[in-house]
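Remarks on the overall topology
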Amino acid sequence: MECSSLHRQLAIIKKNLFDQGFLDEQFYQLEELQDDASPNFVEEVVTLFFRDSSRLLTNIEQALREKHPQDFHRLDVLMYQLKDSASSIGAAKVKNECTVFRELCDKENLEGCLRSFQKVKKEHAILRQKLENYFQLQRQVGPVEKATRSGN
Amino acid sequence: MATPARGVPVAAGEREIHVLAVDDSSVDRAVIARLLRNSKCRVTAVDSGKKALELLGLEPKVNMIITDYWMPDMTGYDLLKRVKESSKLREIPVVIMSSENVPNRINRCLEEGAEDFLLKPVRQSDVTKLSNWIR
């Protein structure tokens, strides 16, 4: 039946997101908070994340382009906010890259920061794509009872 | 004089707990609000210490304040200090949240009168325990 095949596909995609380290336990915690009163809670929070994080990435990129002396404190503050939000939705790889960036910031290693920033952007873009696919498929499947969450 | 903040009576002896949540991150505000509502609290969420103080000055009944530590302009610690320095507000329990586990920071907040210090990401179990601070 087409419906159960989509369910299976969805379960596999989710399992892969976790197995490959894109998402961590916190994402499950968010799904636990979803209920009839807030059936789209996870997608709403993820949307907020990508809205805020895109803005932060733009600001960081601009700050990195500024002429010397580099304001590493400001860079750190911006990346802290990104890491904080990433952590709140369970975006593990993004969070980890943010941590690496902040360590390089601490050492005032501009070259390192520039390289690390590219990695942060890359992980951010990959996750965005994967989650867009995930939610799109979820919408096709329709409301799924928490009890029938399979494949875990 | 230790007069605990009382909830607004809703029905037959039941109180509705009103929590003021303060966090500059919209993601974190959405999550903490959801966690609190799941614990049957009424939630008002604001994005800065300044707005929190404005709201508290308008005298709605707030049974607890839960605030992020790091925020631009006014930190959660600054907000905590302002609340504890105010004769009107000092009885309101304040809980601090942070994504960073810094013992000095935690101690400073507890010494200043914070009831608890939660590490982000905050879980449902953390929030359920908060009702202990509301008498």
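Predicted model only: the values in this text are computed from it and were never measured. (Residues numbered from 1 in each chain as written. Chains lettered and ligands numbered in written order. Predicted model: local features only at pLDDT ≥ 70, side-chain atom pairs only at ≥ 80, totals over all residues. Heavy atoms only, no water.)

**Looking at the UniProt feature "domain: HPt" (unreviewed entry) in chain A**
The following threshold applies: UniProt positions are given in the numbering used here, feature names are shortened, and annotations may be inferred rather than shown by experiment. The helix and strand labels rest on DSSP assignments: H or I over at least four residues marks a helix, E over at least two residues marks a strand, and numbering proceeds from the N terminus.
As recorded in UniProt, the sites labelled "domain: HPt" (unreviewed entry) are residues 44–129 of chain A. Here residues 44–129 of chain A runs as 87% helix and 0% strand, with 16 Å between its end C-alpha atoms.

**What about helix 3 (residues 76–85) of chain B?**
The condition that has to hold: Exposure is judged per residue with a 1.4 Å probe applied to protein chains only, and the accessible area is read against the type maximum: over 50% gives exposed, under 20% gives buried, and values in between give partly exposed. Taken from the helix axis, the directions to the C-beta atoms give the arc we talk about.
Taken residue by residue, helix 3 of chain B has Gly76, Tyr77, Leu79, Leu80, Val83 and Lys84 of chain B as its buried positions. The buried residues of helix 3 of chain B occupy an angular sector of 160 degrees when projected down its axis, which confines them to one face.

**Thoughts on the nonpolar core**
Defined as follows: Take the buried residues of types Ala, Val, Leu, Ile, Met, Phe, Trp, Tyr and Cys, join any two whose side-chain atoms come within 4.5 Å, and each joined set is a nonpolar core. Only heavy atoms matter for contacts: two residues are in contact if any of them lie within 4.5 Å across the pair.
Within the largest apolar cluster, 64 residues are counted, with the highest numbers of intra-cluster contacts made by Phe27, Phe101 and Leu131 of chain A together with Ile32, Leu36 and Ile66 of chain B. Considering every element that reaches this core, the biggest residue donor is helix 3 (residues 41–65) of chain A, with 11 residues. When near neighbours in sequence (up to four residues on either side) are disregarded, Ile32 of chain B contacts Ala21, Ile66, Met97, Val122 and Val127 of chain B. If you look at the next biggest cluster of nonpolar residues, it comprises 24 residues, including Leu53, Ile65, Leu79 and Ile106 of chain B.

**Section: the packing of aromatic side chains**
Our working rule: Here a Phe, Tyr or Trp ring, Trp counted by its six-membered ring, pairs with any other such ring whose centre lies within 6.5 Å, and the pair is stacked when the planes are under 30 degrees apart, edge-to-face when over 60, and tilted otherwise. Here, a charge over a ring means that NZ of Lys or CZ of Arg falls within 6 Å of the ring centre while also lying within 35 degrees of the ring normal.
Within the structure shown, the criterion is met by 6 aromatic pairs over all chains. With 6.2 Å between their ring centres and 65 degrees between their planes, Phe18 of chain A and Phe27 of chain A make a pair best called edge-to-face. A relative accessible area of 15% places Phe18 of chain A in the buried class. Judged by relative accessible area, Phe27 of chain A falls into the buried class, the value being 0%. With a centroid separation of 5.5 Å and an interplanar angle of 65 degrees, the aromatic rings of Tyr134 of chain A and Phe135 of chain A are classed as edge-to-face. Three or more aromatic residues joined by ring pairs form one cluster here, namely Phe18, Phe27, Tyr28, Tyr134 and Phe135 of chain A. It is Arg34 of chain B that lies over the ring of Phe41 of chain A; its NZ or CZ is 5.9 Å from the centre.

**Points about the pattern of salt bridges**
For the record, the criterion: Here, a salt bridge means any Lys or Arg side-chain nitrogen found within 4 Å of an Asp or Glu carboxyl oxygen.
If you walk through the whole model with that rule in mind, you get 19 salt bridges over all chains. Note that Lys15 of chain A and Asp19 of chain A form a salt bridge whose closest N and O atoms lie 2.7 Å from each other. Of the two residues, Lys15 of chain A and Asp19 of chain A both sit in helix 1 (residues 2–19), 4 residues apart, roughly one turn of that helix. A network of salt bridges, in which partner residues are shared, links Asp84 of chain A together with Asp23, Asp28, Asp68 and Lys120 of chain B.

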